[in-house]
Amino acid sequence: NPKRTLGRSKRNVSDSTVMRVISGSLKGHTLFAPKGRRLRPTEDLVKETLFNVIGSRVNQATFLDVFAGTGSIGIEALSRDAEWGVFIEKDPACIRVLKRNLAACSVKSRSRVYCGDANKLVNVLQKEDWCFTIVFLDPPYRQTNMLNDMLQRLASMSLVSETSLIVAEHAQTFVPPPPLSKGFFLTKSCQIGDTSLSFYQVE
């Protein structure tokens, strides 16, 4: 039972951008992107930094990828032996590509995909009694209020425990909030170009 038992450099890029899994059992797998769309996928260096910090915590983790886009972060977690990858994405075009990527990487059986507004879907996940080892947030960079609100909200929910890790990817100009609910503190921050990663956990 995967339940209680247990979104990138932000310049716009074209649909010709090639995304790949960078490590793990799926290393080298190409990930699809919506045709004719302009995306802001996480660059390999940012992705590498993220998973270097997470380290072995991803092993057998239940990983939540909020604002998942085409699913590259959650799929990277699955490639590195996460037990479950759960994806939240609002854009139907991205959802179609995300599902295609999961199928192409043969990880559908270890995945759940939710299409809709993240604020509503986290309530759905809580009602379904999920609890996540790692939560990754990558909302649009200009939506700073959204990121602040989602960080505070998630930290107060039963979707995370005192051993969970919450990670936010954001513009370097964004000021991460002070301690969150239930004793989650900003314990590490990494800057990669114009991108930052903020890591929250219970000290």
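As a reminder, the structure under discussion sits directly above these lines.
Every chain is numbered on its own, with residues counted from 1 as its sequence reads. Restriction of local features to residues with pLDDT of at least 70 applies here, the model being predicted, together with a cutoff of 80 or more for giving and counting side-chain atom pairs; totals for whole chains, interfaces and linings are based on all residues. Hydrogens are left out, water is left out, and the side-chain values use all remaining heavy atoms of the structure.

J.: Which parts of the structure should I look at to understand the overall build of the protein?
T.: Scanning the protein from N- to C-terminus turns up five helices and nine strands. Labels follow the DSSP assignment, with helices taken as runs of H or I lasting at least four residues and strands as runs of E lasting at least two, numbered in each case from the N terminus. Counting helices and strands in the order they occur from the N terminus, the protein gives β-β-α-β-α-β-α-β-α-β-α-β-β-β. When burial is assessed residue by residue, the protein has 51% of its 203 residues classed as buried. Of the roughly 9,200 Å² of accessible surface on the protein, a fraction of 48% belongs to carbon and sulfur atoms. To sort residues, take the accessible area from a 1.4 Å probe on protein chains only and compare it with the maximum for the residue type: under 20% means buried, over 50% means exposed, and anything in between is partly exposed. Using a 1.4 Å probe, the Shrake-Rupley method yields the accessible areas, and only the shown protein chains count as cover for residues.

J.: Looking at this model, I keep getting lost on the nonpolar core. Mind explaining?
T.: Buried Ala, Val, Leu, Ile, Met, Phe, Trp, Tyr and Cys residues form a nonpolar core when they are joined through side-chain atoms within 4.5 Å. Membership of the largest hydrophobic core comes to 30 residues, with the highest contact counts inside it found for Leu50, Phe51, Ile54, Phe63, Ile75 and Leu197. Elements that contribute at least two residues to this core include exactly helix H1 (44-54), helix H2 (72-79), helix H3 (92-104), strand S6 (132-137), strand S7 (160-171), strand S8 (184-192) and strand S9 (195-202). Look past the residues within four positions of Leu50 in its chain and what remains in contact with it is Ile73, Phe136, Val167, Leu197 and Phe199. Judged by nonpolar contacts, the second largest core, of 29 residues, contains Phe67, Leu137, Ile166 and Leu180. Any two residues whose heavy atoms approach within 4.5 Å are treated as being in contact.

J.: For this particular structure, what's the right way to read the environment of Asn148?
T.: Secondary-structure assignment places Asn148 in helix H5 (residues 144-156). Given the relative accessible area of 24%, Asn148 is considered partly exposed. In this structure the C-alpha to C-alpha distance between Asn148 and Val175, which are 27 residues apart in sequence, comes to 9.5 Å. When residues no more than four places from it in sequence are discounted, the contact partners of Asn148 are Phe174 and Pro177.

J.: Help me out: how do you make sense of H1 in this one?
T.: For an α-helix, the turn length of 3.6 residues means that residues three or four places apart are oriented alike. Where H1 is concerned, the buried positions are Val46, Lys47, Thr49, Leu50, Phe51 and Ile54. Following H1 by one or two positions, Gly55 adopts a phi angle in the positive range, close to 60°.

J.: Please clarify how the pattern of salt bridges should be interpreted in this entry.
T.: For side chains of opposite charge, pairing can occur when their charged atoms come near one another. Take a side-chain nitrogen of Lys or Arg and a carboxyl oxygen of Asp or Glu: if they are within 4 Å of each other, that pair is a salt bridge. Under the counting rule described, the total for this entry stands at two salt bridges. For Lys47, the salt bridge is made with Glu76, and the minimal N-O distance between the two is 3.9 Å. Within this pair, whereas Lys47 is found in helix H1, its partner Glu76 is found in helix H2, the two being separated by 29 residues in sequence. Of the two residues, Lys47 and Glu76, neither departs from the other in class, the shared state being buried. What you see here is one network of salt bridges that share partners, running through Lys47, Glu76 and Arg80.

J.: How should the pairing of strand S3 (residues 62-66) be read in this particular structure?
T.: Where a strand is regular, its side chains alternate between the two sheet faces. In terms of burial, S3 is a largely internal element, five of the five residues being buried. Residues of S3 alternate between two faces, with Thr62, Leu64 and Val66 on one and Phe63 and Asp65 on the opposite face, all of them buried. In this description, strands pair whenever DSSP reports at least two bridges between them. Looking at chain direction, S3 and strand S4 (residues 84-89) are connected through five bridges and run parallel. Looking at the pairing, Phe63 lines up with Gly85 of S4. The pairing of S3 with S6 spans four bridges and is parallel. Within the sheet, the bridge partner assigned to Asp65 lies in S6 and is Phe136.

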